[in-house]
Amino acid sequence: MSDYDVIVIGGGIGGLTSASLLSKRGLRVLVVEQNSSAGGLCNSILKNGYNFDIAASLFWGFGHGEVFHWLFSEFNILNDLLERESIIRKIEPGLQVILPNHRINIYSERNRFYEELKREFPSDMANLIKFYQESDKIEDEIYYLLNKDHFYSLKNHYTHENKRLKKLYTAISIFLKRKKDILHLADKWVNPSEIKSFIDLQLIYFTHKKSADIPLPISSIILGIPKRGIYGIKGGARILTNTLEKQLIKYGGKITCNSTAEEIILKGSKAYGVKVREGNSVSELKSDWVISDTTFSNIEGSLIKKKRKKNQFSKINKKIGNGLVPFSVLLGVDEKVIPELMGEHAIMLRDYELPASDSNIIFISASPGWDETRAPHGKRCITATYFLSQDEASKINWETERENKTKEMVDSLEQLIPFISEFIDCAYSITPDDYQRMTLRKNGMLRSFNNQSGFYGFNSPSSKTPVKKLFMVGDEVFPGSGAAHTAKSGIRAAEEILKRI
Ligand SMILES: Cc1cc2nc3c(=O)[nH]c(=O)nc-3n(C[C@H](O)[C@H](O)[C@H](O)COP(=O)(O)OP(=O)(O)OC[C@H]3O[C@@H](n4cnc5c(N)ncnc54)[C@H](O)[C@@H]3O)c2cc1C
């Protein structure tokens, strides 16, 4: 007799999505979370009266037919979140792209956005609009294909395994990639390098990849995200994961924090339970299914002990390749210093002289004025992050450099928020080591859009794993990074289990 139907390793957005759905379907579910609270990268920390998001802060997927819309409708709480309590709000502009001579607001409504393009790039505006229209056409077609079969119905939604669609998608992707990537498409319409940087910055914001590295269909989907709506969450990212945690518990599921999965127990080639450590005590919990919200390197490195299976995970792990390592600075500031025209989310170059690249870009989020739960009266939270390659990050001694790196970040922010250093109430930083401690990701690494070209979307690892009865969720599996995409992976794993019982 098993202790649980399902044990979920990790209470990030991926794990909590699967766990809450399965619990609602009547399964006995346990989530084990090594940190003192669930949420993973969708978490917030309270410091000095401020409520800082530690990573995710800009959200999408709440529009009709999209992942969170579907998920929260399943729990019958969509209306409460979006309307009655307005906890989740569409924000405008969703994103602001800052270039040395431009500040472009990306509004959800295309015509409003085109007005921005007219103001910022008057001589190229007509062609730039044609470019967006062409990109939107591709996005609409793919979106239609993806959503055709009631994408988010637990019975019949996932097209990842739909061979016909996969073939079609791969064919479109190869065709378009061979003919033209998004920049070639842009070349047809627009030329100035600033406009290309503008497109690159948007793509890097959502995928950490430049246009030249992304198949055109994916670029089109990404450029379409703001069109479908960017959302803010009152109370910060942790409200999203707290909400799922509450649903898990409401339907009889359990979560234990400060408990670390040390091994996935195998019986033959099947997962059979999890060895869990809580302080000094280790227990072996049996379950019919295991879902892992950890990384492939964690599975390969410690959670699977059997050599043959370990090797199979090791192959996938290698194929994913290296990812990017984040460094974030959290600032409590006087709201007086925030420029009137600054949006809630912005992306800017660290060094205006250098081209757009991951380490030369800062992702900035400011807590919205409408969310009084995030900061003391008259104050705001600012989070600024950049990402480095594993190599770059490993050359830095983060503990001794913490203060310098924080100061450097504040200096860069002066370009966007003049005099910010004079209005700082409190400052914290999250180094790659801190991210590792909070999530057990090696150096806090994100690897969802990896270096292996063609290893995206339908070609990315699936929730199914080389071990029977073990499924993966999280941003390393299809469909990849971001809270919405990761939640999709959670729905998918839940569906795989429900199909089999
Ligand atoms: C700096 C930064 C900014 C970002 N900004 C955004 C954004 O604005 N919008 C957006 O949509 N996305 C953003 N992302 C990406 C997004 O946050 C992630 O893709 C997503 O939250 C990942 O969720 P997950 O469930 O895959 O993993 P995680 O959030 O890492 O959760 C995994 C959980 O499993 C636990 N765990 C791991 N191993 C074990 C174990 N052995 N035993 C027990 N528990 C374990 C961890 O403690 C963790 O809580 C950002 C990411 C970073 C790093």
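Computed from a predicted model, the values in this text were never measured in an experiment. (Residues numbered from 1 in each chain as written. Predicted model: local features only at pLDDT ≥ 70, side-chain atom pairs only at ≥ 80, totals over all residues. Heavy atoms only, no water.)

Peer 1: How do you make sense of the side chain of arginine 441 when you look at a structure like this?
Peer 2: With respect to the helices and strands, the residue arginine 441 is situated in the loop between helix 16 (432-439) and strand 18 (470-472). Here aspartate 475 takes part through its side chain, which lies 3.1 Å from a polar atom of the side chain of arginine 441. In contact with arginine 441, other than residues within four places in its own chain, are Leu41, Thr295, Gln436, Leu446 and Asp475. (Helix = DSSP H or I, 4+ residues; strand = E, 2+ residues; numbered from the N terminus. Polar contact = N/O pair within 3.5 Å; in protein donor to acceptor, adjacent residues only side chain to side chain. Contact = heavy atoms within 4.5 Å.)

Peer 1: Explanation requested: the packing of aromatic side chains in the structure shown.
Peer 2: Any two aromatic rings considered together are summarised by their centre-to-centre distance and by the angle between their planes. Applying the stated rule across the entire model yields 20 aromatic pairs. Ring plane angle 85° and centroid distance 5.3 Å describe the contact between tryptophan 60 and phenylalanine 206, whose orientation is recorded as edge-to-face. Placement of the pair is tryptophan 60 in the loop between strand 4 (50-53) and helix 2 (67-74) and phenylalanine 206 in helix 8 (residues 193-207), with a sequence separation of 146 residues. With respect to burial, tryptophan 60 and phenylalanine 206 carry one shared label: buried. (Phe/Tyr/Trp six-rings, centres within 6.5 Å; stacked < 30°, edge-to-face > 60°. Buried < 20%, exposed > 50% of the residue type's maximum accessible area, 1.4 Å probe, protein only.)

Peer 1: I would appreciate a short explanation of the environment of lysine 234 in the present structure.
Peer 2: Structurally, the position occupied by lysine 234 is in the loop between strand 8 (231-233) and helix 11 (237-250). Assessed through its relative accessible area of 23%, lysine 234 is described here as partly exposed. For the pair lysine 234 and glutamate 85, spaced 149 residues apart in sequence, the C-alpha separation works out to 9.6 Å. The contacts of lysine 234, once residues within four sequence positions are left out, are Ser86, Ile87, Ile239, Trp370, Asp371, Glu372 and Thr373.

Peer 1: Help me understand the site of the ligand in this model?
Peer 2: In the neighbourhood of the ligand, 38 residues make up the surrounding shell, with Glu33, Leu41, Leu58, Asp475 and Ala483 lying closest. Isoleucine 13 is positioned with one of its backbone polar atoms (N or O) 3.4 Å from an oxygen atom of the ligand. Measuring from an oxygen atom of the ligand, one finds a backbone N or O atom of glycine 40 at 3.4 Å. Compared with its free state, where it exposes 1000 Å², the ligand has 95% of that area covered by protein. Breaking the shell around the ligand down by element, the ones donating at least two residues are helix 1 (13-24), strand 10 (260-267), strand 16 (379-389), helix 16 and helix 17 (483-500). Broken down by element, the residue count for the shell around the ligand peaks at three residues, all from helix 16. The residue inventory of the shell around the ligand, partitioned by class, reads 17 nonpolar, 17 polar and four charged. Each of domain 1 (4-87 + 234-321 + 450-500) and domain 3 (323-443) gives at least three residues to the shell around the ligand. (Near = heavy atom within 4 Å. Areas by Shrake-Rupley, 256 points an atom, 1.4 Å probe, with all protein chains shown as cover. Nonpolar A, V, L, I, M, F, W, Y, C, P; charged D, E, K, R; others polar. Domains from an automatic or database assignment.)

Peer 1: Quick question: what am I supposed to make of the sheet that holds strand 13 (residues 324-334) here?
Peer 2: Strand pairing within a sheet occurs via backbone hydrogen bonds; the two strands may be parallel or antiparallel. With mixed pairing, the seven strands of this open sheet are ordered in space as 7-6-14-15-16-13-17. For this open sheet the edge positions go to strand 7 (102-106) and strand 17 (424-430), each flanked by a neighbour on one side alone. Averaged over neighbouring strand pairs, the angle between their axes works out to 20° when direction is ignored. One ladder, built from three bridges, connects strand 6 (residues 95-99) with strand 14 (residues 345-349); its direction is parallel. Of the residues in strand 14, the one forming a bridge with valine 97 is isoleucine 347. With respect to the sheet, helix 8 is in contact with strand 6, strand 7, strand 14 and strand 15 (361-366), its orientation differing from that of strand 6 by roughly 135°. Sitting on the sheet, helix 16 touches strand 13 and strand 17, and the angle it makes with strand 17 is about 70°. (Pairing = 2+ DSSP bridges. Axes fitted to C-alpha atoms, helices over the stretch in contact; angles between N-to-C directions.)

Peer 1: I keep staring at the state of the cysteines and nothing clicks. Help me out?
Peer 2: One covalent bond between the sulfur atoms of two cysteine residues makes up a disulfide. Applying the stated criterion across every chain yields a total of zero disulfides. With no disulfide of its own, cysteine 426 lies closest to cysteine 381 among cysteine sulfurs, the gap being 8.1 Å. When its relative accessible area of 7% is taken as the criterion, cysteine 426 is described as buried. (Disulfide = S-S within 2.5 Å.)

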